[in-house]
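# Reading the structure
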Amino acid sequence: MATTPVSLRPAAQRTDPYGVSREELAALLAGEPPYRARQVWEALHRRAAWPPEMTELPRPIRERLAEILTPALSVCSRREADGGQTLKWVFEVEGPARVETVLMAYPDRVTVCVSTQAGCAMACPFCATGQGGFVRHLRSAEIVEQVAWAMRERPVTHVVFMGMGEPLANYDQTIGALRRLHDEMGISWRRLTLSTVGIVPGIRRLTTEGIPVNLAVSLHAANDTLRDELVPINRRYPLARLAEACADYVGATRRRLSLEWAVIGGVNDRPEDAEELARFARALGAHVNLIPLNETAGYRAPGPPRAVHFRARLRALGVNATLRRTRGQEIAAACGQLAGGGG
Ligand code: SAH
């Protein structure tokens, strides 16, 4: 259960292992042969090893680095579900604040779901993270380190930015993390997915960024009246503008767009909802990911038959739709359940 973090780095010279640049690392190792910096860099990024474990280094260097490059996250809890195929960490970060990370192992891949903010300001009423409000942005090094913790357990193949927080509301740090995961950890763009509530200027900026990651949009409603309620940022960026930005993203990157739809019984799983969604999705060539609602606040889950029925209806309307298997429900690791309190 919860353990008190020992050191959240008071010493001024301490720094994030995944925040230093190659140049800064070389400066830290000044006086050593140049291959040392390369060795440490690769150990950090390719093996997710931290200085105390870099036994290939001479002890004095290892000890000096261990003083400086200290992990930014400290584990409050680590829990398993689904027979060990789902892992959830609750981490404490400077603040103090709590963030959560989920690893999901499948036969053909290992996906890590990372948080980009402690809390979230988007206030979607059915999402547990939204209820707690916003605490602070994560630094890119803190986002990358979540993946490192997962890599220490399993060979990570995919990363989805679908944990706590709104990635496009923390744009620069999110992009910094995506770049480091791609450039240094060797995860290809097509194995990186960013999920957003639909912050249109953020999608537009991402379109020009030159990093063709997969884009997922949390749609949940395909008419403005309902979406204004379910995803309040829709009042600022309504569906027509969102659709335009998505179309441009797809045009520029050639990535398939996915639309997330938490199926909420009696709210967005009616025949007319399927029709509106089908029109929206078809126009964008988007794939629809249905997530049976994980009950959190006042919203009811549809019950599996209704979700299956909704999917069938979408398919009949010519939409590529999948019903996502829910992972980690019993450890509150599923979509919309991350609240930072589990442990
Ligand atoms: N803020 C970003 C990243 C979070 S992704 C975004 O919203 O896209 C988390 C996904 O889980 C989002 O699609 C979110 O809408 C969905 N979700 C939130 N609460 C949920 C719940 N109670 N049941 C199922 N899905 C939920």
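Structure first, text after, so check above.
Our subject in this report is the structure included herewith. (Residues numbered from 1 in each chain as written. Predicted model: local features only at pLDDT ≥ 70, side-chain atom pairs only at ≥ 80, totals over all residues. Heavy atoms only, no water.)

### Regarding the pairing of strand β4 (residues 110–113)
Note the cut-off: Under the scheme applied here, a residue whose accessible area is under 20% of the maximum for its type counts as buried, over 50% as exposed, and between as partly exposed, the area being computed with a 1.4 Å probe on protein chains only. By the criteria applied, helices consist of DSSP H or I runs no shorter than four residues and strands consist of E runs no shorter than two, each listed in order from the N terminus. Paired strands are those between which DSSP finds at least two bridges.
Because side chains alternate across β4, one face comprises the buried residues V110 and V112, and the other comprises T111 and C113, equally buried. Bridge analysis of strand β3 (residues 97–105) against β4 gives 4 bridges, and the strand direction is antiparallel. Of the residues in β4, the one forming a bridge with V102 is C113. Hairpin connection, β3 to β4: the antiparallel pair is bridged by 4 residues. Of the pairings in the sheet, the one linking β4 to strand β7 (residues 158–161) comprises 3 bridges and is parallel in character. Bridge pairing in β7 places V112 opposite V159.

### A few points about the pattern of salt bridges
A side chain with one charge may pair with a side chain of the opposite charge, provided their charged atoms come close. Short version of the rule: In the sections that follow, a salt bridge refers to a side-chain nitrogen of Lys or Arg positioned within 4 Å of a carboxyl oxygen of Asp or Glu.
Under the defined criterion, the tally for this structure stands at 22 salt bridges. Between D108 and R109 there is a salt bridge, with the nearest N and O atoms lying 3.9 Å from each other. Salt-bridge contacts for E142 lead to R136; the nearest nitrogen and oxygen are separated by 2.9 Å. Judged by relative accessible area, E142 falls into the buried class, the value being 0%. One salt-bridge network, in which partners are shared between bridges, spans D16, E94, R136, R139 and E142.

### A look at the site of the ligand
Quick reminder of the rule: One heavy atom within 4 Å of a molecule or strand makes the whole residue count as near it. Contacts described as polar in this section are N or O atom pairs within 3.5 Å, which, within protein, must combine one atom able to donate a hydrogen with one able to accept it, while residues neighboring in sequence count only if both atoms come from side chains. Reported accessibility uses the Shrake-Rupley method at a 1.4 Å probe radius. Residues are deemed covered only where the shown protein chains occlude them. Polarity classes work like this: nonpolar for Ala, Val, Leu, Ile, Met, Phe, Trp, Tyr, Cys and Pro, charged for Asp, Glu, Lys and Arg, and polar for all others, with Gly in that last group.
Neighbouring residues of the ligand: 20 residues in total, closest G165, S195, S218, H220 and N294. Take F126: an N or O atom from its main chain is 3.0 Å from a nitrogen atom of the ligand. A distance of 3.3 Å is found between an oxygen atom of the ligand and a backbone nitrogen or oxygen belonging to T196. Contact with the protein chains removes 95% of the 540 Å² of surface that the ligand exposes when unbound. Those elements that place two or more of their residues in the shell around the ligand are β8 (192–196) and β10 (257–263). Split by residue class, the shell around the ligand holds 9 nonpolar, 9 polar and 2 charged.

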